[in-house]
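# A look at the structure
These are the residues of each chain, in order.
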Amino acid sequence: MEEYSSFVDWDKMDVSAQSQDTKDITCTDFHELKQLARQGYWAKNHSLRAKMYHKLISNIPCRTVTPDANVYRDIVVKIVGKRSSSSLPLPEFVDNSLIPTYCLNAEGTGAVRKILLCVANQFPDISFCPALPSLTALLLHYSRDEAECFEQVCRILACNDPSKRLIDQTFLAFESSCMTFGDLVNKYCQAAHKLMVAVSEDVLEVYSDWQRWLFGELPMAYVARVFDVFLVEGYKVLYRVALALLKFFHKVRAGQPMESDSIQQNIRAFVRDIAKSVSPEKLLEKAFAIRLFSRKEIQLLQMANEKALQKKGITVKQKSCILMFQQNVHLAVHAENFKSEIVSVKEMRDIWSWIPERFALCQPLLLFTTLEHGCSLSRFYSHSEGHEPTLLLIKTTAKEVCGAYLSTDWSERRRGGNKLSFFGTGECFVFRLQPEVERYEWVIIKHPELASTESETANHAQPASSTLSSSSIPSEPSDRLSPFLAARHFNLPSKTASMFMAGSSECIIVGGGDGQALYLDADLNHGRTSHCNTFNNQPLCSESFQISILEVWGFRD
């Protein structure tokens, strides 16, 4: 242990759980390493953890020329000079982030600054990396000297495996990860998201703190356990743990009064003091109990969010860009420029809090209303086509209000010829506003056990015979940037089939959200719903209803 103790203040370290009987790990199998990391095997011994960090980081595929320990020894004197390490300025890319000291001694806290300055010298392309001080401080606990820590940090930064994203190094990547986290909260922590919307004027600002929770506020014993798994499994682990933190925060603080201007501080304080309520084991257990989308699907969602930010010109951290970004997100539905005959400004803002973050940047644009364009399905299509996504709002003669968020252009219906074929992606959902608010997700997104992907179906199941089988759904263009699997990727038995959008000259079908489906006749005067009791939900609206007003909204940049 002594060879890895140069920078550690052992009075601060919890050594009660340390074991001297732990054997070195020789396995290289990914699944075995994953289980050992999740179980905290090398967390039991300081030296073993140091050796595993070195082993895992040494195996990261990197650029051909990656700075190593010798480079650090060559440049550190030139860069630091005779200045005191405690007074060294931080690189601009850390953005005044917290520099957690964790259990470092005075020499260690100064060494973090020296290493960060040398990293900045060797990686001039890094423009925004607020997590780096925390990672550097953590690795220093398990390094023989500064040069070894520098080399490990550089290998993480220089990873060139496109399938293994490790750390955000630009403002665009960081901000899109915040948006992606917001999307995941919207899907997997709906109760917490509802609380955030209720108490915060700026939900995205709250979610933009997610990396700070992990790499700033989380205590040493917890962040080290997260890092153990992160080095094996990658970036997705960070989303899992941040979601788990938010779930625990909601569980502990739900029902307690909170002010909108203090919600960020409340969450930070909860994470700092998490040991009072949640152990590291319970935190990871909760994190891995969340059934997230695949790494590939999350990567597609991240790419879509990056594309939306680039379209807005938000690629670097500038005050004007950030102000514009916040105004677009939070003033998108503004009382002065929004008018609907179905929903109020507040109700539309509630709907806006459910949609994917990249479209929350946009303002609502009225495309079609039966009050102006009449009750014609053909006019519905002609006004809606060419817009993606769209929002469908319906008010019945019984004063019920329901609707759907539809991710795909209605022109896709033509790809099935004369057959009524389904399309859409897992981001679709239906909702009810009156008599009470409820959102119903795509059933396969919320209950993935009901579906198998095409490859699994080929190996383990007979093809579905219903009209909803993947064979009846035309494939989408290969360049379609779809954050979640499109309908064609699933092959479902008819009883649980839940493809989302379908349209013909005779009717529109939208549905499947938790067993809910909405059918509209060609005259746009009548509709009906189907409701599956399997999910114990209230019906979307009356089983048969008359439409008072129908509106379709698009999203304007």
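What counts as what
Residues numbered from 1 in each chain as written. Predicted model: local features only at pLDDT ≥ 70, side-chain atom pairs only at ≥ 80, totals over all residues. Heavy atoms only, no water. Helix = DSSP H or I, 4+ residues; strand = E, 2+ residues; numbered from the N terminus. Buried < 20%, exposed > 50% of the residue type's maximum accessible area, 1.4 Å probe, protein only. Contact = heavy atoms within 4.5 Å. Areas by Shrake-Rupley, 256 points an atom, 1.4 Å probe, with all protein chains shown as cover. pLDDT = per-residue confidence, 0-100. Core = buried A, V, L, I, M, F, W, Y, C linked by side-chain atoms within 4.5 Å. Salt bridge = Lys/Arg side-chain N within 4 Å of Asp/Glu carboxyl O. Expected span 1.5 Å × (residues − 1). Polar contact = N/O pair within 3.5 Å; in protein donor to acceptor, adjacent residues only side chain to side chain.

Glancing now at the overall build of the protein chain. Of regular secondary structure, the protein chain possesses 22 helices and ten strands. Burial status across the protein chain gives 58% buried among its 557 residues. In the protein chain, the proportion of contacts linking residues at least 24 apart, taken out of those at least 6 apart, comes to 74%. Accessible surface, the protein chain as shown: approximately 24,300 Å² in total, 48% of it carbon and sulfur.

This part takes up the environment of asparagine 59. Its place among the elements puts asparagine 59 in the loop between α2 (46-58) and α3 (69-80). You can call asparagine 59 exposed: its relative accessible area is 56%. Asparagine 59 sits 96 residues away from arginine 155 along the chain, and the two C-alpha atoms are 9.2 Å apart.

Let's shift gears to the confidence of the model for the protein chain. On average, residues of the protein chain carry a pLDDT of 82, and 81% of them reach 70 or more. Here helix α22 (residues 454-460) stands out as the least confident element of the protein chain, with mean pLDDT 38; helix α6 (residues 146-157) is the most confident, with 97. Counting interchain partners and residues more than four positions distant, the pLDDT-below-50 stretch residues 319-331 has 27 contacts. Low pLDDT, under 50, characterises residues 485-498; the predicted model gives this stretch 56 contacts beyond four residues in sequence or across chains.

Following the sequence through the fold, arginine 295 ends up in helix α15 (residues 295-311). Residue arginine 295 is classed as partly exposed on the basis of its relative accessible area of 41%. The sequence separation of arginine 295 and tyrosine 235 amounts to 60 residues, and the corresponding C-alpha distance is 8.8 Å. With residues up to four places along the chain from it excluded, the contact list for arginine 295 reads Ser163, Glu233 and Lys236.

Moving on to the nonpolar core. A general feature of soluble globular proteins is that nonpolar side chains tend to end up buried together. Counting 123 residues, the largest nonpolar core has Trp42, Val119 and Trp210 as the members making the most contacts within it. A total of eleven residues in this core trace back to one element, the largest contributor, which is helix α12 (residues 236-253). Excluding anything up to four places from it in sequence, valine 119 contacts Phe93, Ile126, Leu132, Phe150, Val153 and Leu157. Judged by nonpolar contacts, the second largest core, of 28 residues, contains Leu377, Ala404, Phe500 and Leu524.

Under the definition given, this model contains 18 salt bridges. Of the charged contacts, one joins arginine 358 and glutamate 427 as a salt bridge, the two residues approaching to 2.8 Å between their closest N and O atoms. On the criterion of sequence distance, the pair formed by arginine 358 in helix α18 (residues 357-360) and glutamate 427 in the loop between β3 (401-406) and β4 (429-434) is long-range, its members being 69 residues apart. Each member of the pair, arginine 358 together with glutamate 427, is buried.

Time to look at helix α4 (residues 106-122). An ideal rise of 1.5 Å per residue puts 24 Å on 17 residues; α4 measures up with 25 Å between its terminal C-alpha atoms. Listed as buried for α4 are Gly108, Gly110, Ala111, Val112, Lys114, Ile115, Leu116, Leu117, Cys118 and Val119. Its buried side turned inward, α4 meets α3, α5 (132-140) and α6. Capping the start of α4 is the job of one residue whose side-chain oxygen sits 3.2 Å from the backbone nitrogen of glutamate 107: asparagine 105.

Here we take up unusual backbone geometry. Here the bond from glutamate 388 into proline 389 is cis, since omega is 0°, no more than 30 degrees from zero. Take proline 389: it is sitting in the loop between α20 (377-384) and β2 (390-396). At tyrosine 102, a residue that is not glycine, the phi angle is positive and equals roughly 50°. Looking at where tyrosine 102 falls in the secondary structure, it is placed in the loop between α3 and α4. Given the relative accessible area of 12%, tyrosine 102 is considered buried. Positive phi outside glycine occurs at leucine 524, with the angle close to 55°. Within the fold, leucine 524 resides in the loop between β8 (516-521) and β9 (526-531). The class of leucine 524 is buried, set by a relative accessible area of 1%.

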